[in-house]
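# Geometric and topological summary
These are the residues of each chain, in order.
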Amino acid sequence: MPATDRLALHGARVATLEGSEGYGLVENASVVWRGERIEYVGPRGAAPPAEREWEAGGALLTPGLIDCHTHLVFAGNRAGEFEQRLKGVSYAEIARAGGGIAASVRATREADEDALLAASLPRALALRDDGVTTVEIKSGYGLDLDSELRMLRAARRIGEASGQSVRTSFLGAHALPPEFAGRADDYIARICEDWLPQIAESGLADAVDAYCEGIGFSPDQVDRLFSAARRHGLPVKLHADQLSDLGGAALLAHHGGLSADHVEYTSAEGVAAMATAGSVAVLLPGAFYALRETTLPPIAAFREHGVAMAVATDLNPGTSPLASLRTAMNMACVLFRLTPEEALRGATVHAARALGLSDRGRIAPGQRADLVLWQAEQPAELAYWTAGAAPLRVIAGGRQISCVAP
């Protein structure tokens, strides 16, 4: 239909997520949009006329879900490591033996762009058909400039093919490539001096990420990388405090970063720093589950300090082979004791904020028309079911991109 036409969905139970708490429910409501933007949310009888109209029949309407942390572009898989971990081998031991991220690097470097797209698109479509309208995709399995750019191009193509909005993060500092073995400082210098200018010039990355951990990069190295990223006008995110407390969350906050992700070992000082900076804590229960971790993120401290908590899949081949954001929401409730409301806000409002996006995550005039219609009576059902029924309709930027409804 022409972009100037109005479209409308009538008779829905709308969870607008307006305000700072509650679901913002509007009963028997209409939502009307033109092009990518919502024009009206409210009583059906007051809705403006539309050229095309759908009946919701009392079904639940929510904002499109936002998966704000994935590594879904990769080649190969690491099912063998899954077996190893079940036999008692730790993730750190696997990484030191040449597995982990290094195994995905070898497979990804050997794949051309079309092969990466073919392997990765089904994972994005699985998220789409689970209600995800915006997905963040990281590089980080190339670890040389050509391979990293190839991953980022494949990520952009996924958005074109799936209808989802794709945000990309350059994760060159994910692991130390073999050609830089024992020379982590030299590798960070190469990224800062040679790669970042080309990454920024390409326009393929929306943010810069890094892995700050004993088996990753030190706080000093990440500090240099983030300073260089900000000089190039790129916001920063961080894999922080997953296996130990190296002060990653506080470092991220120091740079005014968008989000600190994992955060199981984040200290009270780190929480306070994030609160001051307005950074989001991205909870990744899929990795916590897959690695059989026992140290919980400081949920109570995040609540006390008003740190926004997002929820994401961390979809990746080694430590979170999870392609359902709703399952991640369920895990966040069961494992981390989030409420269903916190989980839904974590996959919408706060996930948008973790990506630096203010135009989505809520249903309100002026917001992007990213909408999902569910065969559900109440929002808590989205986190209640471990694997619920597929959405009836998924609408992204005003266009229907997935539908099982008649």
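Residues numbered from 1 in each chain as written. Predicted model: local features only at pLDDT ≥ 70, side-chain atom pairs only at ≥ 80, totals over all residues. Heavy atoms only, no water.

By the naming in an unreviewed UniProt entry, the protein chain goes by Imidazolonepropionase and is assigned to Pseudomarimonas salicorniae. What UniProt records for the protein chain under Function (unreviewed entry) is the sentence "Catalyzes the hydrolytic cleavage of the carbon-nitrogen bond in imidazolone-5-propanoate to yield N-formimidoyl-L-glutamate. It is the third step in the universal histidine degradation pathway." Quoted straight from UniProt, the Sequence similarities (unreviewed entry) entry for the protein chain says "Belongs to the metallo-dependent hydrolases superfamily. HutI family." (UniProt positions renumbered as here; feature names shortened; annotations may be inferred.)

This part is about empty space enclosed by the protein. The final tally for this structure, using the stated rule, is 1 cavity of 30 Å³ or more. As a volume, the largest cavity reaches approximately 130 Å³. Contributing to the lining of the largest cavity are 13 residues, with Tyr 91, His 174, His 239, Asn 316 and Thr 319 lying nearest its centre. When the residues that make up the lining of the largest cavity are grouped by side-chain class, the tally is 4 nonpolar, 7 polar and 2 charged. (1 Å grid on protein atoms, 1.4 Å probe; cavity = no way out; pocket = protein on both sides within 12 Å on 5 of 7 lines; lining within 4 Å. Points joined across faces, edges and corners; volume = space filled by probe spheres on them. Nonpolar A, V, L, I, M, F, W, Y, C, P; charged D, E, K, R; others polar.)

As enumerated under the stated definition, the model contains 26 salt bridges in all. Arg 78 serves as the salt-bridge partner of Glu 81, at 3.1 Å between the closest nitrogen and oxygen. In terms of burial, Glu 81 and Arg 78 fall into one category: buried. Members of the salt-bridge network, linked through shared partners, are Glu 113, Asp 114, Arg 153 and Arg 157. (Salt bridge = Lys/Arg side-chain N within 4 Å of Asp/Glu carboxyl O. Buried < 20%, exposed > 50% of the residue type's maximum accessible area, 1.4 Å probe, protein only.)

Attention now goes to the packing of helix α5 (residues 145-162) against helix α6 (residues 184-202). Relative to each other, α5 and α6 sit at 25°, their axes nearing to 11 Å. Classified by the interaxial angle, the pair formed by α5 and α6 is roughly parallel. In terms of crossing hand, the pair formed by α5 and α6 is right-handed. Contacts between α5 and α6 pair Leu 145, Leu 149 and Leu 152 from the former with Trp 195, Gln 198, Ile 199 and Ser 202 from the latter. Of the residues in the contact of α5 with α6, the class split is 5 nonpolar, 2 polar and no charged. (Axes fitted to C-alpha atoms, helices over the stretch in contact; angles between N-to-C directions. Helix = DSSP H or I, 4+ residues; strand = E, 2+ residues; numbered from the N terminus. Parallel < 35°, antiparallel > 145°, perpendicular 65-115°, else oblique. Left-handed = near helix turned anticlockwise from the far one by under 90°. Contact = heavy atoms within 4.5 Å.)

Let us look at the UniProt feature "binding site: Fe(3+)" (unreviewed entry) in the protein chain. As annotated by UniProt and renumbered to match this structure, "binding site: Fe(3+)" (unreviewed entry) occupies His 69, His 71, His 239 and Asp 314. For the residues just named, distributed over 246 residues, the greatest C-alpha separation is only 12.1 Å, placing them together at one site. In the annotated group above, the largest cavity draws its lining from His 71, His 239 and Asp 314. With respect to the helices and strands, the residue His 71 is situated in the loop between β6 (65-67) and α1 (79-86). Residues contacting His 71, with those up to four places away along its chain left out, are Lys 138, Ser 139, Tyr 141, Leu 171, His 174, His 239, Asp 314, Leu 315 and Asn 316.

All right, on to the packing of aromatic side chains then. In the structure shown here, the tally under the stated rule is 7 aromatic pairs. Ring geometry for Phe 288 versus Phe 336: centroids 5.1 Å apart, planes at 80°, classification edge-to-face. Pair noted here: Phe 288 is in helix α10 (residues 285-290) and Phe 336 is in helix α12 (residues 325-336), with a separation of 48 residues, a long-range link. The burial state of Phe 288 is the same as that of Phe 336; both residues are buried. Ring centres of Tyr 384 and Trp 385 lie 5.2 Å apart, and the angle between their planes is 65°; this geometry places the pair in the edge-to-face category. We classify Tyr 384 as exposed; its relative accessible area is 58%. Of the residues examined, Trp 385 reaches a relative accessible area of 46% and is grouped as partly exposed. These aromatic residues form a ring-pair network of at least three members: Phe 180, Tyr 187, Trp 195 and Phe 217. It is Arg 123 that lies over the ring of Phe 74; its NZ or CZ is 3.6 Å from the centre. (Phe/Tyr/Trp six-rings, centres within 6.5 Å; stacked < 30°, edge-to-face > 60°. Lys NZ or Arg CZ within 6 Å of the ring centre and 35° of its normal.)

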